[in-house]
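The lines below spell out each chain.
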Amino acid sequence: MDTETATLEQLAGGLKAFDLSVDGHIAEVILLGPGPRNAMGIDFWRELPLVFAALDSAPEVRAVVLRGSGADFSSGLDLREMTPLWADALGSGAQAGPRTEFMREIQRLQAAITSVAACRKPVVAAVAGWCVGGGVDLISAADVRLASANARFSIREVRLAIVADVGSLHRLSGVVGEGHLRELSLTGRDFDAREAERIGLVNRVHADRDALLTAAREVAAEIAANPPLAVQGTKQILNEGREDRIARGLRHVAAWNAAFLPSEDLTEAMNAFVERRPGRYEGR
């Protein structure tokens, strides 16, 4: 990691989108929003790689628990906060300059999620309530995923006229299998914790949020009790080859969305989202 990486102590007091704490050898990272249901806005995307770079560099940290504040994990990308930033690239008639900048922006968001996978300390994601869109991208970069019985998931981007572009399409094929991933990403449908467990997205389902957090901390403690260099080496070996394939796919989808995301269907999807109605799409 970069020698200029901030320490956990330097970060902890200044974060807006996360709460960060360490107890013994276990760090806990809590999504705070401030958007509804811990939506991923400007502060989230800026702070996520800083947090996981600091965790990677902290010798006392051996495992990480990642969870949402309140009743939900995350409702995904904060559309109201983020899409105005991309107006030049998403507007009709956008030329090469704005599209190139938009591709760089997609790559920045991709790098933020990849920081979780690249962190040498294993990450246990604890999912309660809704985990949608970018939330699924985020947990796909974790090493272990657990859920409460009320968890609900959706790879929802296709319903918003978007090709999911920050990791779920690339990381989950090796987790849930190609058939399940294709169905879930092409329909964008919601699915519950039991289905997530059946297809392997989560390892176990726990009765409620309290039981989930207890279980996540126990798994993190089991990991942290092992020799840390062997644990870190195991994660790096498991990532070998997989992350190279994922990086190629992320480059492809960044170029694809920079070229093809602006569309009448996207505008209709955004309007339908704001107006809380079904979209009417023409493939234009």
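As the structure is a computational prediction, the values presented were derived from the model and not from experiment. Sequence positions are assigned chain by chain, starting from 1 and proceeding in written order. Under the rules for a predicted model, residues below a pLDDT of 70 receive no local features and side-chain atom pairs below 80 are neither given nor counted, while totals for whole chains, interfaces and linings still include all residues. Heavy atoms throughout the structure, all of them, feed into the side-chain values; hydrogens and water do not.

Participant: So what exactly am I meant to see when it comes to the pattern of salt bridges here?
Facilitator: Pairing between side chains of opposite charge can happen when their charged atoms approach one another. By definition here, a salt bridge exists when the distance from a side-chain nitrogen of Lys or Arg to a carboxyl oxygen of Asp or Glu is within 4 Å. Applying the stated rule across the entire model yields 21 salt bridges. The partner of R242 in a salt bridge is E243, and the shortest N-O contact between them spans 2.9 Å. The buried label applies to any residue whose accessible area, calculated with a 1.4 Å probe on protein chains only, is under 20% of its type's maximum; exposed applies above 50%, and partly exposed to all values in between. Given the relative accessible area of 24%, R242 is considered partly exposed. Taking relative accessible area as the criterion, E243 reaches 17% and is therefore assigned buried. Linking R284 and E264 is a salt bridge whose minimum nitrogen-to-oxygen distance equals 3.1 Å. Of this pair, R284 sits in the segment after α14 (264-275) while E264 sits in helix α14; the two residues are 20 residues apart in sequence, bridging distant segments of the chain. R284 gets classed as exposed once you look at its relative accessible area, which sits at 53%. When salt bridges with common partners are traced through the structure, they connect E183, R189, E195 and R198 into a single cluster. Labels follow the DSSP assignment, with helices taken as runs of H or I lasting at least four residues and strands as runs of E lasting at least two, numbered in each case from the N terminus.

Participant: Explain the pairing of strand β2 (residues 26-31) to me, please; I cannot follow it from the model alone.
Facilitator: Within a regular beta strand, the side chains point alternately toward one face of the sheet and then the other, so they alternate between its two faces. Extensive coverage of β2 is indicated by the burial of six of its six residues. What you see with β2 is no split at all: I26, E28 and I30 on one side and A27, V29 and L31 on the other are buried throughout. Following DSSP output, two strands are said to pair if at least two bridges run between them. Examined bridge by bridge, strand β1 (residues 18-23) and β2 share six bridges and lie antiparallel to one another. When the sheet's bridge partners are listed, L20 is paired in β2 with V29. Here β1 hands over to β2 after two residues, with G24 in that stretch at a positive phi of 65°. The pairing of β2 with strand β3 (residues 63-68) spans six bridges and is classified as parallel. What sits directly across from V29, in β3, is L66.

Coordinates in, geometry out; function isn't part of it.
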